[in-house]
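Topology and contacts: notes
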Amino acid sequence: MTIHTERHPTANTPARTPNASGPAAPGSELPSRGSSRRPARRTDGFWPWLFVLPLLVGVGTFYIWPILQTFWFSFTTWGVFGGASFSGLANYARLVADPQLYQSLLNTVVYTVIVLLGIPVAVWLASLLNTPGLRFAQFYRVLFFLPYVAMPAAIALVWRIMFNGDYGIVNWFLGRFGIDGPYWISTPGFALVAVSLVGLWSSLGFSMIILGAGLKDIPPELYEAAELDGASRWRQFRSVTVPLLSPSIFFVVIVTTISSFQLFDLLYAILGSTNPVIPKTMSLVFYFYSAGFIDNDKGFAAAIAMVIFLLIGIVTLVQFRFQRKWVQS
């Protein structure tokens, strides 16, 4: 018969206790009852909301509420002396069937594409102004930026004189090469090109300031390394400047596109509201202005505004979607 005996700790055999000194084996520590603590959750109270409240009130009052109100108005029909009645999708059905919508959309796209062509020019000019040792660089930056901050009405007045078909400086310059210039602001097609060139010229300053700031963040050691490898100036510009400047270029493209889709003041100031080329040259915002403030059709104008809002959102979303393929983070 086998007898099993149990050893009890004696004075000669020290018992191990959880509080014994020395490193404990992994997993040997047992949490004591009632000693578990949850991380305290930090609450800042209402103070952050109190400081942000003025901004939230401003955004809600001047941005969110007008969008919601315009969205509701697009489903209504307004009388001559006020008063709105719900009309469902009648304004949108009328808008889709109106050929002026597609003409205005085409004009806006053409204007946007022409203005976006100025971004490569702005990259080149910003690179020139960022050349080390260039004298009067700040003066040149101010000179290019002045058209962006000038009043559109003043810019339009100057360019209307320059585009005059009889004594304008543009036709005089073309005549030096034997080219008979057209009546720019009263000829369909040429009027849109004239307005687009003015928009390109006036947006160069803003693009150059943003791109110039981006150029200053490029380490000069990269150009020195490229020069040691035998890269030419053009190769440095194409392989160093443009890739590292792509985030700034992307920002300028987004801002310029949104601004171009909102074309109104420059077009109105150069062409006026009674110009016979307006139906063939008007932008989407001018189309909205004509419906809402000339024809006094507020419901239809609200539908146009929602279409503009939707188009800008879609174009911006597409640009953000494709920026991963060419913008370097």
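Residues numbered from 1 in each chain as written. Predicted model: local features only at pLDDT ≥ 70, side-chain atom pairs only at ≥ 80, totals over all residues. Heavy atoms only, no water.

**Some points on the overall build of the protein chain**
Helices and strands together make up the secondary structure of the protein chain, namely 14 helices and 2 strands. Within the span of the protein chain, comprising 329 residues, buried residues form 33% of the whole. A sequence separation of at least 24 residues applies to 65% of the contacts in the protein chain between residues at least 6 apart. Accessible surface computed for the protein chain: about 22,600 Å², of which carbon and sulfur atoms make up 66%. (Helix = DSSP H or I, 4+ residues; strand = E, 2+ residues; numbered from the N terminus. Buried < 20%, exposed > 50% of the residue type's maximum accessible area, 1.4 Å probe, protein only. Contact = heavy atoms within 4.5 Å. Areas by Shrake-Rupley, 256 points an atom, 1.4 Å probe, with all protein chains shown as cover.)

**Remarks on the packing of aromatic side chains**
Enumeration over the complete set of coordinates arrives at 24 aromatic pairs. Here the aromatic residues Phe264, Tyr268, Phe286, Phe288, Tyr289 and Phe293 are joined through ring pairs into a cluster of three or more. Directly above the aromatic system of Phe300 lies the positively charged group of Arg94, at a separation of 4.0 Å from the ring centroid. (Phe/Tyr/Trp six-rings, centres within 6.5 Å; stacked < 30°, edge-to-face > 60°. Lys NZ or Arg CZ within 6 Å of the ring centre and 35° of its normal.)

**Description of the side chain of Ser74**
In this fold, Ser74 is placed in the loop between α1 (47-73) and β1 (76-78). With relative accessibility at 0%, the residue Ser74 sits in the buried group. There is a polar contact of 2.8 Å between the side chain of Ser74 and the side chain of Tyr92. Leaving out residues up to four positions away in the same chain, Ser74 has contacts with Gly88, Asn91, Tyr92, Gly299, Ala302, Ala303 and Met306. (Polar contact = N/O pair within 3.5 Å; in protein donor to acceptor, adjacent residues only side chain to side chain.)

**Some remarks on the nonpolar core**
Residues Phe163, Val195, Ile270 and Leu271 are the most contacted members of the largest nonpolar core, which totals 39 residues. Every element with two or more residues in this core is listed here: α2 (90-96), α3 (99-116), α6 (152-162), α8 (190-216), α11 (265-271), α13 (284-294) and α14 (298-322). No other element matches the 7 residues that α14 contributes to this core. Discounting chain neighbours no more than four positions away, the residues touching Val195 are Tyr111, Leu263, Leu266, Leu267, Ile270 and Leu271. Leu125, Leu211, Val240 and Ile249 belong to the second-largest nonpolar core, a separate cluster that totals 20 residues. (Core = buried A, V, L, I, M, F, W, Y, C linked by side-chain atoms within 4.5 Å.)

**Quick notes on empty space enclosed by the protein**
Applying the stated criterion across every chain, the model contains 2 cavities of 30 Å³ or more. Each pocket or cavity is described by its volume, and for the largest cavity that value is around 50 Å³. What lines the largest cavity is simply Ala126, Leu129, Asn130, Arg141, Met208, Ile209 and Gly212. At the level of elements, α4 (118-129) and α8 are the ones that each hand at least two residues to the lining of the largest cavity. It is α8 that contributes the most residues to the lining of the largest cavity, 3 residues altogether. Tallied by class, residues from the lining of the largest cavity come to 4 nonpolar, 2 polar and 1 charged. Taken as a whole, the second largest cavity holds about 40 Å³ of empty space. In terms of lining residues, the second largest cavity is bounded by Val115, Gly118, Ile119, Leu200, Ser203, Leu204, Ser207 and Thr256. Looking at the lining of the second largest cavity, the elements with two or more residues in it are α4 and α8. Here the lining of the second largest cavity gets 4 residues from one element, more than from any other, and that element is α8. (1 Å grid on protein atoms, 1.4 Å probe; cavity = no way out; pocket = protein on both sides within 12 Å on 5 of 7 lines; lining within 4 Å. Points joined across faces, edges and corners; volume = space filled by probe spheres on them. Nonpolar A, V, L, I, M, F, W, Y, C, P; charged D, E, K, R; others polar.)

**Here we look at the environment of Pro182**
One can find Pro182 in the loop between α7 (169-175) and α8. The class of Pro182 is buried, set by a relative accessible area of 18%. Expressed as a C-alpha distance, the spacing of Pro182 and Asn164, which sit 18 residues apart in the sequence, is 8.9 Å. With sequence-adjacent residues up to four places away left out, Pro182 is seen in contact with Gly165, Asn171 and Phe190.

**What about unusual backbone geometry?**
Phi at Phe136 takes a positive value of approximately 60°, unusual for a residue other than glycine. Position of Phe136 among the secondary structure elements: in the loop between α4 and α5 (137-149). The class of Phe136 is exposed, set by a relative accessible area of 54%. Here Asn296, not a glycine, exhibits a phi torsion of approximately 55°, which is positive. Mapped onto the elements of the fold, Asn296 is located in the loop between α13 and α14. Owing to a relative accessible area of 32%, Asn296 belongs among the partly exposed residues under this scheme.

**Quick notes on the pattern of salt bridges**
Evaluated as defined, the whole model comprises 1 salt bridge. Salt-bridge contacts for Asp297 lead to Arg94; the nearest nitrogen and oxygen are separated by 2.5 Å. Highlighted residues: Asp297 in the loop between α13 and α14 and Arg94 in helix α2, separated in sequence by 203 residues. The class for Asp297 is buried, based on a relative accessible area of 16%. By relative accessible area, which is 44% here, Arg94 ends up partly exposed. (Salt bridge = Lys/Arg side-chain N within 4 Å of Asp/Glu carboxyl O.)

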